[in-house]
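# Architecture at a glance
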Amino acid sequence: MTLRILVVGAGIAGLAAARGLRVAGFRPDVVEELPATTVPGAGIYLPGNATRALRLLGLDAPLRPLGDLIFRQMFLDADGGELFEIDVAALWAGVGESRALSRADLQQVLLTGVGGEVRYDTAVRELQIVDGAAKVEFGDGRIAEYDLVIGADGRRSTIRAKAGLGGPAVPTGQIVYRSVVRGGPPLSDWTALLGRRSSFVAMPMGGRRLYCYADETVEPGQPNPADPLARVRELFGGFGGPVPAILDAMEKVQVARTDEVLLDSWSRGPVLLVGDAAHATAPTLAQGAAMAFEDAVVLGEVLRATPGDVPAALARFEDRRRPRCAQVREQTRDRDRTRDVPPALRDPMLRRRGRRIFQEHYRELVRPL
Ligand SMILES: Cc1cc2nc3c(=O)[nH]c(=O)nc-3n(C[C@H](O)[C@H](O)[C@H](O)COP(=O)(O)OP(=O)(O)OC[C@H]3O[C@@H](n4cnc5c(N)ncnc54)[C@H](O)[C@@H]3O)c2cc1C
């Protein structure tokens, strides 16, 4: 059966959803409000379950030459002293490799999987549900009708608002800083240094570059710093381990806020939300892309099973995906709470039990989706 499907947004979730639909035999339209020339900066860390989902989407082969594999996560105190380590290869054994790579490379892999049929410079402005179908108005005034609209339009989703599925995302109270560093010290492990309500993470991402991710928990209403590089140097200048050499080599820093999206329902009639539009969390566990890829796999499966009954397929989608995404949200909050315990209490506790506590955050995600 041919379904008229629209995917709104060509970020990670939209491109993955379009691939999942293609693999299931559908031919979705994909629209993106930004121009085709927009290339994401920064890097991204993909734990083993992200790789497994990409394998199920048939996209693991093009990923293999990209980035750097991560075998170990090192957790250090602010001085660079070891708290504990996680054997990432053992944690995800039989599931998939863990890898850090550039976001631009990941986007290219996902785009190839869609077959290049993305309509850029095309925003969805209006959406109405009429007689079980979705009537969509695009930015240029064009109107079209679809049997299914996939809202993959991110944490500030228009589709979520227009379908009455939820309001604005809720800020988590974190400011995050990202940088791709060339000429830094050699680093073979994913390495995190935990400070006072702040952390600094660096990892190799291929091409002798490091992907650095740092964050701080702030009071409500505190604005972003005017000079993010200066703020990163101020926050982490006193840290030990590899941080001083990384800060010396750091040139540009992107600053962002993180949000949570928590909804009672992800679907209404012929409209379904996926990715951050449905279930954004703070990126502490690096599960945003993995959850989007898993959404894409399950979306393809449920629609292929009952293409003639979209509401039943979407209900099945939510049954399968909600518990896993709720798990990620809870474990993310747990990890952030642990991080924000004062170091004098936290660090001795993490030296004793950190490995067990932090591995536990991923336990459910090792299971098949
Ligand atoms: C600082 C930071 C670090 C992170 N690190 C990691 C990590 O290491 N690993 C990981 O897995 N995840 C990480 N994440 C999370 C991950 O980036 C997100 O989960 C993921 O990008 C969400 O993808 P998405 O496609 O749902 O949303 P988005 O990436 O926001 O994409 C939405 C797309 O929809 C388009 N759009 C919006 N509205 C419309 C409209 N009306 N019409 C048409 N198009 C529209 C937008 O232009 C955009 O391209 C991180 C997030 C942050 C903020």
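Here's what I pulled together on the structure shown here. From a predicted model like this one, the values you see are computed outputs, not experimental measurements. (Residues numbered from 1 in each chain as written. Predicted model: local features only at pLDDT ≥ 70, side-chain atom pairs only at ≥ 80, totals over all residues. Heavy atoms only, no water.)

A full pass over the atoms with the stated rule returns nine aromatic pairs. Ring geometry for Phe75 and Phe84: centres 4.5 Å apart, planes at 15°, overall stacked. Owing to a relative accessible area of 2%, Phe75 belongs among the buried residues under this scheme. Ring centres of Phe236 and Phe239 lie 5.0 Å apart, and the angle between their planes is 85°; this geometry places the pair in the edge-to-face category. Three or more aromatic residues joined by ring pairs form one cluster here, namely Tyr45, Phe75, Phe84, Trp190 and Phe358. Over the ring of Phe138 we find Arg119; its NZ or CZ atom is 5.3 Å from the centre of that ring. (Phe/Tyr/Trp six-rings, centres within 6.5 Å; stacked < 30°, edge-to-face > 60°. Buried < 20%, exposed > 50% of the residue type's maximum accessible area, 1.4 Å probe, protein only. Lys NZ or Arg CZ within 6 Å of the ring centre and 35° of its normal.)

Further remarks concern the packing of helix 10 (residues 288-305) against helix 11 (residues 310-339). Close contact between helix 10 and helix 11 brings their axes to 9 Å; oriented N to C, the two are set at 160°. Comparing their axes, helix 11 and helix 10 come out roughly antiparallel. Considering how the two elements wind past one another, helix 10 and helix 11 form a crossing that is right-handed. Judged by residue contacts, Met291, Glu294, Asp295, Val298, Leu299, Glu301, Val302 and Leu303 of helix 10 engage Ala313, Arg316, Phe317, Arg320, Arg321, Arg324, Cys325 and Val328 from helix 11. Looking at side-chain class alone, the contact of helix 10 with helix 11 contains nine nonpolar, no polar and seven charged residues. (Axes fitted to C-alpha atoms, helices over the stretch in contact; angles between N-to-C directions. Helix = DSSP H or I, 4+ residues; strand = E, 2+ residues; numbered from the N terminus. Parallel < 35°, antiparallel > 145°, perpendicular 65-115°, else oblique. Left-handed = near helix turned anticlockwise from the far one by under 90°. Contact = heavy atoms within 4.5 Å. Nonpolar A, V, L, I, M, F, W, Y, C, P; charged D, E, K, R; others polar.)

The subject of this paragraph is the site of the ligand. Close to the ligand lie 28 residues, the nearest being Ala13, Glu32, Tyr45, Asp276 and Ala289. In the environment of the ligand, an oxygen atom lies 2.8 Å from a nitrogen or oxygen atom belonging to the backbone of Ala13. Coverage of the ligand by the protein amounts to 86% of the 1,000 Å² it exposes when considered alone. Looking at the shell around the ligand, the elements with two or more residues in it are helix 1 (12-23), strand 3 (43-46), strand 13 (170-182) and helix 10. Of the residues that constitute the shell around the ligand, the class distribution is 14 nonpolar, eight polar and six charged. (Near = heavy atom within 4 Å. Polar contact = N/O pair within 3.5 Å; in protein donor to acceptor, adjacent residues only side chain to side chain. Areas by Shrake-Rupley, 256 points an atom, 1.4 Å probe, with all protein chains shown as cover.)

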